[in-house]
Amino acid sequence: MDFEELVRALAGGHIASPRLEAGMMMQAAADVAPREQKHLLEEMLEKRLAHYPLDKILGRRAFYKYDFEVSEDVLSPRPDTETLVEAAIDLAQKNDFSSVLDLGTGSGCILLSILGDCPQMRGVGVDKSRPALETAARNARRLKLEDRTAFRCLSWFDDNFVSVLGTGFDLLVSNPPYIPSGDIPGLDDEVRKHDPLSALDGGTDGLEHYKKIAEIAPLILKEGGYILLEAGIGQAADIRRIFSEGGLSPVSVLKDLAGIERCVILKK
Ligand code: GLN
């Protein structure tokens, strides 16, 4: 199968950017022997025509400065989240921070992007999903960041969360599950069927994880430390209120490239 055939097949299946996607598939299949290549391209095409997400077919997704391994075990990194990453790096560099904790690390894309730009820092990624942490650990090794990274299999709803992690972190970052449970059935198929539900479902009001994290954050942050939280659409004001009631001081709310309030920043 050549490039133009692939483009036509994707376009015929109503895939929105057939040339772009065909190019990415060709690139992913570039290094295999010709006969295997044909088989691999046909397999990728078949999955894509069944609306399996492209990044999960390729097993890779570009985010911020790197390519991350992704699978059905992790939420696919989204460009919206780069807003939080850039703000975290800026704060870490201006304050010469040395430690960062990522709550719900998934693929590790937030934590590893921060560590990649801040060579003075060490980081911990927490997730309750072991397969997600294994993916994050592989990403850390591939990016040669494993010496400055530790991963812990834990839930913030566990009673021993604070005692296991310890205190004194300079920076907390999180993109927790924030979709209201009732909105899950209406999500795009590519998200609903292929991103882990545990990374999406934020409970009845979408804010359940923020409420729990707001109890823990003041205990694990050091004095003068910051927390950066990704927000779902329309949630920023509630998140700011929840964390300020928990004792942290609001600093700012940042918009993503689509103009949506996407990142809430508070300080201890
Ligand atoms: N941004 C994701 C979506 O809209 C949700 C991620 C999350 O719940 N943190 O599909």
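Residues numbered from 1 in each chain as written. Predicted model: local features only at pLDDT ≥ 70, side-chain atom pairs only at ≥ 80, totals over all residues. Heavy atoms only, no water.

What the chain contains, in helices and strands, is 11 helices and nine strands. Since a compact globule built from 268 residues should have a radius of gyration of about 18 Å, the 20 Å found for the chain is in line with a globular shape. Each of the three principal axes of the chain carries a C-alpha extent, and together these read 60 × 40 × 35 Å. Across the 268 residues that make up the chain, the buried fraction comes to 49%. By element, 50% of the accessible surface of the chain is carried by carbon and sulfur atoms, the whole surface being about 12,700 Å². In the chain, which carries 32 positive and 43 negative side-chain charges, the distance between the mean positions of the two groups comes to 3 Å. (Helix = DSSP H or I, 4+ residues; strand = E, 2+ residues; numbered from the N terminus. Rg over C-alpha atoms; globule rule 2.2 N^0.38 Å. Buried < 20%, exposed > 50% of the residue type's maximum accessible area, 1.4 Å probe, protein only. Areas by Shrake-Rupley, 256 points an atom, 1.4 Å probe, with all protein chains shown as cover. Lys, Arg positive; Asp, Glu negative; His and termini not counted. Charge placed at Lys NZ, Arg CZ, Asp CG, Glu CD.)

Once that is clear, we can look at the pairing of strand E9 (residues 261-267). Of all seven residues that make up E9, five are buried, and the element is covered over most of its length. Bridge analysis of strand E7 (residues 221-230) against E9 gives five bridges, and the strand direction is antiparallel. Its bridge partner lying in E9, isoleucine 227 is registered against leucine 266. Looking at chain direction, strand E8 (residues 249-255) and E9 are connected through six bridges and run antiparallel. Residue pairing across strands places lysine 255 opposite glutamate 261, the latter belonging to E9. Adjacent in sequence and paired antiparallel, E8 and E9 are bridged by five residues, among which glycine 259 carries a positive phi angle near 85 degrees. (Pairing = 2+ DSSP bridges.)

Bringing the packing of aromatic side chains into the picture now. A complete count under the given rule lists three aromatic pairs for this structure. Taking the centre distance of 6.2 Å and the plane angle of 65 degrees together, the rings of phenylalanine 63 and phenylalanine 68 count as edge-to-face. By the burial criterion, phenylalanine 63 is buried, and phenylalanine 68 matches it. Note on tyrosine 66 and phenylalanine 68: the rings are 6.3 Å apart at their centroids and 85 degrees apart in plane angle, and the pair reads as edge-to-face. Since its relative accessible area comes to 23%, tyrosine 66 is described here as partly exposed. For phenylalanine 68, a relative accessible area of 0% translates into the label buried. Members of the aromatic cluster, connected to one another through ring pairs, are Phe63, Tyr66 and Phe68. The ring of tyrosine 52 has lysine 47 sitting right over it, with the charged end atom 5.4 Å from the ring centre. (Phe/Tyr/Trp six-rings, centres within 6.5 Å; stacked < 30°, edge-to-face > 60°. Lys NZ or Arg CZ within 6 Å of the ring centre and 35° of its normal.)

Turning our eyes to something else, we now look at helix H10 (residues 208-220). With 13 residues, H10 should reach 18 Å at 1.5 Å per residue; the first-to-last C-alpha distance of 19 Å fits that figure. The axis of H10 is deflected most strongly, by about 30 degrees, at alanine 214, and proline proline 218 appears within four residues downstream. Listed in full, the buried residues belonging to H10 are His209, Tyr210, Ile213, Ala214, Ile216, Ala217, Pro218 and Ile220. (Expected span 1.5 Å × (residues − 1). Bend = angle between axes of the 7 residues up to and from the residue.)

Quick look at the packing of helix H5 (residues 82-94) against helix H6 (residues 109-117) now. In the contact formed by H5 and H6, the axes pass within 10 Å of each other and the chain directions differ by 40 degrees. By the criterion of interaxial angle, the relationship of H5 to H6 is oblique. Here H5 runs over H6; the crossing is right-handed. Residues Leu84, Val85, Ala88, Ile89 and Gln93 of H5 lie in contact with H6, whose contacting residues are Ile110, Ser113, Ile114 and Asp117. Classifying every residue of the contact of H5 with H6 gives six nonpolar, two polar and one charged. (Axes fitted to C-alpha atoms, helices over the stretch in contact; angles between N-to-C directions. Parallel < 35°, antiparallel > 145°, perpendicular 65-115°, else oblique. Left-handed = near helix turned anticlockwise from the far one by under 90°. Contact = heavy atoms within 4.5 Å. Nonpolar A, V, L, I, M, F, W, Y, C, P; charged D, E, K, R; others polar.)

Turning our attention to the side chain of serine 71. Looking at the element boundaries, serine 71 is found in the loop between strand E2 (66-69) and H5. Of the polar contacts made by the side chain of serine 71, one reaches the backbone nitrogen of aspartate 73; its length is 3.0 Å. Sequence-distant contacts of serine 71, defined by excluding residues within four places in its chain, comprise Lys56 and Thr135. (Polar contact = N/O pair within 3.5 Å; in protein donor to acceptor, adjacent residues only side chain to side chain.)

The analysis is restricted to geometry; functional conclusions fall outside its scope.
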